[in-house]
Amino acid sequence: MKIIIKSLILSLLIFFTGEEIAFTQAKYHEPGEINNILGDLNKSYPGLTRLETIGRTYSGKDIKALSIGSGDIDTRPGIAVIGGIDGRYAAGREIALGFAGRLLKNSGNDEIKDLLGRVSFYVIPDASPDAISGFFSKPMAERLINANPTDNDRDFTIDEDPCEDLNGDGFISLMRIKDPTGSYIIDPDDERLLRKADLSKGEQGSWIVYTEGTDNDSDGKFNEDSQGGVNFNNNFSFEYEEFGENAGIHAASEKESRAVADFLYDHFNIFAVFSFGPQDNLGQPFKPGRQSQETQEPDPGQWRRRSRKIKNILPEDSEQNALLSGKYLELTGYKGSPGFTREPGNFMEWAYYHYGRYSYSTPGWWIQAEKGMSPEAAFLKYASENIEEDVFIEWQEIDHPDFPGKTVEVGGIKPFALYNPPEHLLGEVIESNYQFLVEAAKLRPELELLDLKTEKLEKNLHRITVSLHNKGIFATASQLGDQVKWVRKIKVEIKSDSDFRLLSGKKIEISERLKADESREYSWLINGSGDFTISAGAVICGMDEISFTVR
Amino acid sequence: MQRSIIIILSFLMTISLQAQKDERFFKAAGTPVNPKVSASWNKYYTYSGIKDLCERLVTAYPDLVKMESAGKSYEGRDIIALTVTNHKNQDPDHKPGYYIDGNIHSNEIQGTEMALYAAWYLAEMYDENDFIRELLDDKVFYIIPTINPDARENFMHEANTGSSPRSGMVPRDDDRDGLVDEDGFDDINGDGIISMMRRKNPYGEYKADPSDPRHMIRVEPGEKGEYEMLGYEGIDNDGDGEVNEDRQGSYDPNRDWGYNWEPDYVQRGADKYPFSFPENQAVRDFGIKHKNIAGAQSYHNSGGMVLRGPSIENGGSEVYSREDERVINAIGEMGETIIPGYRFLTIWKDMYTVYGGEVDWWYGFMGTFVYSNELWTSHLMFHDDSRDSYKFDKLLLFEDAFIPWEEYDHPVYGKVEIGGFDKNFGRIHPGFLLESDAHRNTAFCFYHAYQTPRLVVRDIKVKDMQGSLKQVTATIANLRMMPTHSGQNIKYKIDPPDYIYLDGGEVVASMIVLDEDNNLCEEQEHNPQRIEIQNIPGNSSVKVRWIVKGGTKYTVRVESVKGGYTSGTN
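Quick notes on the rules
- Residues numbered from 1 in each chain as written.
- Chains lettered and ligands numbered in written order.
- Predicted model: local features only at pLDDT ≥ 70, side-chain atom pairs only at ≥ 80, totals over all residues.
- Helix = DSSP H or I, 4+ residues; strand = E, 2+ residues; numbered from the N terminus.
- Buried ≥ 20, exposed ≤ 12 C-beta atoms within 10 Å, placed from the backbone.
- Contact = placed C-beta atoms within 7 Å.
- Core = buried A, V, L, I, M, F, W, Y, C linked by C-beta atoms within 7 Å.
- Nonpolar A, V, L, I, M, F, W, Y, C, P; charged D, E, K, R; others polar.
- Pairing = 2+ DSSP bridges.
- Axes fitted to C-alpha atoms, helices over the stretch in contact; angles between N-to-C directions.
- Domains from an automatic or database assignment.
- Expected span 1.5 Å × (residues − 1).

Moving on: the overall build of chain B. Broken down by element type, chain B carries 13 helices and 24 strands. Along the first, second and third principal axes, the C-alpha set of chain B runs to 105 × 70 × 45 Å. By residue count, 46% of the 570 residues in chain B fall in the buried class. Taking the contacts inside chain B whose residues are at least 6 apart along the sequence as the reference set, 73% of them involve residues at least 24 apart.

Moving on, we get to the overall build of chain A. Scanning chain A for helices and strands turns up 10 helices and 20 strands. With the C-alpha coordinates of chain A rotated into their principal frame, the extents come out at 105 × 85 × 45 Å. Sequence separation of 24 or more characterises 73% of the internal contacts of chain A that already satisfy a separation of 6 or more.

Take the environment of Lys309 of chain A next. Within the element layout of this structure, Lys309 of chain A appears in the loop between strand S9 (270-276) and helix H7 (315-332). With 183 residues separating them along the chain, Lys309 of chain A and Val492 of chain A place their C-alpha atoms 31 Å apart.

With that settled, consider the nonpolar core. Formed by 212 residues in total, the largest nonpolar core has its most connected members in Val123 of chain A together with Ala118 and Ala119 of chain B. Looking at this core, the element that brings in the most residues is helix H3 (residues 110-125) of chain B, giving 10 residues. Excluding residues that lie within four positions of it along the chain, Ala118 of chain B makes contacts with Ile100, Phe141, Ile143, Thr442 and Cys445 of chain B. Formed by 17 residues, the second largest nonpolar core is a distinct cluster that contains Val472, Ile531, Val556 and Val558 of chain B.

On the side of chain A, 32 residues touch chain B, which itself brings 35 residues to the contact. When residues of the side of chain B that touches chain A are assigned to their parent elements, the largest contribution, four residues, is made by helix H8 (residues 347-351) of chain B. Split into classes, the residues belonging to the side of chain B that touches chain A amount to 15 nonpolar, eight polar and 12 charged.

Glancing now at the sheet that holds strand S19 (residues 530-538) of chain A. All names here are of chain A. An order of S17-S15-S19-S20 is seen for the four strands of this open sheet, with the pairing classed as antiparallel. The sheet terminates laterally at strand S17 (508-511) and strand S20 (542-550), the two strands that pair on one side only. This sheet shows a mean twist of 15° between the axes of neighbouring strands, independent of strand direction. Where strand S15 (residues 490-496) lies against S17, four bridges are found, and the strand directions are antiparallel. Paired with Ile490 across the two strands is Ser511, which belongs to S17.

Our focus in this paragraph is the sheet that holds strand S18 (residues 519-528) of chain A. Residues and elements named next belong to chain A. The four strands lie next to each other as S13-S14-S18-S16, forming an open sheet whose pairing is antiparallel. Each edge of the open sheet carries a strand with a single partner, namely strand S13 (447-458) and strand S16 (500-504). The average undirected angle you get between the axes of adjacent strands in this sheet is 30°. Summarising the sheet, S13 and strand S14 (residues 461-470) pair through nine bridges and their orientation is antiparallel. Residue pairing for S14: Leu449 is matched across the bridge by Leu468.

The next subject is the domain arrangement of chain B. Frequently, the measure chosen for interface size is the accessible area that the parts lose on association. Residues and elements named next belong to chain B. When the domains of chain B are assigned, the result is domain 1 (68-154 + 252-378 + 430-450), domain 2 (172-247 + 380-421) and domain 3 (455-569). Each of domain 1 and domain 2 has a C-alpha centre, and these two points are 33 Å apart. Tallying the contact residues gives six residues for domain 1 and five residues for domain 2. A per-class count over the side of domain 1 that touches domain 2 returns three nonpolar, three polar and no charged.

Structurally, Asp388 of chain B can be placed in the loop between helix H10 (379-382) and helix H11 (389-396). Taking the C-alpha atoms as reference points, Asp388 of chain B and Asn535 of chain B, separated by 147 residues in sequence, lie 50 Å from one another.

To continue, consider helix H6 (residues 255-266) of chain A. Residues lying three or four places apart along an α-helix face the same way, a consequence of the helix completing one turn every 3.6 residues. Across its 12 residues, H6 of chain A extends 16 Å between first and last C-alpha, which sits within 8% of the 16 Å expected from 1.5 Å per residue. Within H6 of chain A, burial applies to Glu256, Ser257, Ala259, Val260, Ala261, Phe263 and Leu264 of chain A.

With that out of the way, let us pick up the pairing of S18 of chain A. Residue and element names in this part refer to chain A. Summarising the sheet, S14 and S18 pair through nine bridges and their orientation is antiparallel. When the bridges of S18 are listed, Arg463 appears paired with Leu525. Bridge count between S16 and S18: four bridges; the pairing is antiparallel. Its bridge partner lying in S18, Leu502 is registered against Ile526.

Pasting the structure below:
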């Protein structure tokens, strides 16, 4: 009885102070916990939030989106904040979730209050919740894939060769087999690690390295077809790899990728997407490269049609990327990003090249790269100075059924340790990323109608001139977005209840984008008089309106 | 009393309907003389007409034709799929499959009639013709007459040109102004057809053609014009200065397939991502459910072409293997013979680049040999290159396809004249040519379907060996042109290899016999009872061998996804 009362009081406490708990405890949350926190935030801030279930994974978990802002949030510039795009990057989920919590907690501050009236935030902390299950499973194992059963190794049996925790320590790590046919050697930078032997330096390998497990299907390969699945971050259409590993049957084939893509497509007001995963263009901005001249030229004399793919960031968007990257490094204090990894079908490049929005991504936390040292060795060096917890599982000899009579050892860097800060650093990581996102939001596009001029040429003949100015630091749409049909154009419209004729100028003008601080003049010649309104804009960059009377 | 008379009457009627001999008719070669399911091939079927015909086929031929819904369209219509085969002799999914669809572009309606004709012809001729009987005994036909039923209905029942909608019916914002489908055509003269508008103008650039005044031609430099052309019937509905710029849909369902997909700015007509639309999703799922589909046809119009992939240049994985090239060209070239006036062409090279097209999905993802016929060519009008539509309409259609120019009041342009060709002319067949072209295109499909693999087990030889062991050797032959696995199929392991089992004894070892004369064999250590063959090419054979303990009567069973299941016994 006592216990029941206690837990009742506790749950009441959680109910009333749910948000407090959400901010103070920086820890890694299971998918269910994340959804509960989102629910609590929604309950605590009903006027500022909208919580939607945008999809359900193959194992039945809800994928949720929390929309944040005051007033009519879908008709003003929006920012998407997305975590959980890669199952190894657990911290990205906490950054997105922590961002939502902090933003709402601070919504009483003038600064944030004002921001929430001008920009809307769409937070999806956990885009692919099944992929993170390895973080919380026993044994703990890195995994990338959702729970859609697939034949990963294309041998026409499904999920037949998963990993096993051979030494029973609760982690799926590596196993090494001492064997003259192996191609790995002990890493001289850190004797606990192995690296590929460099034949050009006369090195000869003496270890075989696999992930921990047995060859369940006796096909000579180890752990090549575990449960699942498709990698969310390889299931998007930009540079999608047909028949790629964990890529799915086609781009956006999965429930998770489709749910997130549909949510984004439905929100025409989103101008920028921030995602937290392996791709990084905030530590190191994208540089404009030469555009590939990849065209399709049929034989001369046939019907010609050119189609050009864009595979490098466009110049104006690259300037914006450099600006954002500078801010990111300044606010987080991070240095030496390991640089951009291009994966086929990744989310962040899709958000730029196909969805047409500004797209920024970062792991949110990383170990500074050290020259001449492998990332793993640099990490172990950093960990010895900064992380108290054990991040390394010492090599331990085991009997392995597939290698009778051979020395087999299990060990290596703990799963997830390389990609995610330890819990005691998580709060700081969330805070600095939060600061950055708030600063980025302040750069939003914002339209204003300026310098209205009405000239009366004759009775009932007026010339109207007005300038439309973008006072934001973001353009009204990315340069690439200009070509994308899912990015709306600026619409300028002149209206009146009184009877009038336009002698020059259009009633509705669909206009091109405006860069930062750019303005464009519009003019009309009106036959008539009365009260008029000019409106300009689009949901992606906001609207402005100006009214006047001509007699 | 009355009721029993009706029963007797209807009984008598049934008998007369089922009678194979009818005194009124004399059989024309190659056509069922007195079909159980009456159908005429000089008109087009609406959705209810399609459904009715399919249902009548199922009722008349329950052992040959089965009907199912492959899924729902955007507006909730069933995507009707027929499975036509001898359902009695073998599991249809264990026979090589041939797939036909039509009408992916909604205005390109006659693909549906071609597909229906094939289903009808197969069912009606099964008892009459040895070739058709063999075809339905050995193969299975999956026929989806229309994979865009919503917009087919729109094309027929709403005001359209001969080229609209082309799209499906999901609303889309084409001009990026935040509104969907807000500025479509306007049927000014209210005749259900969108034709052309012209206005008298002494400074216009057009005049009536002296040889046929219905025809508007451009004036020569220095010559005085009589008319200006104002485009298709329409009004600027949304006041943005553009006319008809945001019509219903206006995406392209044939840029929506999950192979080599690219977005709209690279490939006009693409939508959000591959398989954005429920109709194509239904076909995708249908295909994945029927991996035995070895050959396919996706009908379009027009131009008189037998098209093959790939649809993009240097596509990488979609470059066909040399062996596949030979097969695809041999069958495609036969198409030029079977359908005179049609040319055999490669999509990207001879026409234009298509990203995300259905043809590349069938070959690329499914490993299926596929063609897309562009139905109807103006060559069929006079069997020459004159291609004079006005003359054809006058001499053969008696001006039935032309809407005479007539004056109307346009709310913006004032007095205009509206006229031009009907939407049923130009891209779709005139009635009297429909059956003939349906038959030819169907014959091409049948030729292609016939060339899907036909596997047989031959020459099972049993030899006693030392100890109590026996050696069982068998030949598996493919009697047709197509391999069990295309190059793409082998490269990406789309289907499992061909499995050859030995039943009737305890298998202790097995091998593929590479060269019997010189005793060259390759042992298969893993699972010896089931020998795995990567591919059995067309018109060739493989030899396999088992070492067996016990048994005297052996059965060799073959399981090939696209080559069918078969077996043989010594």
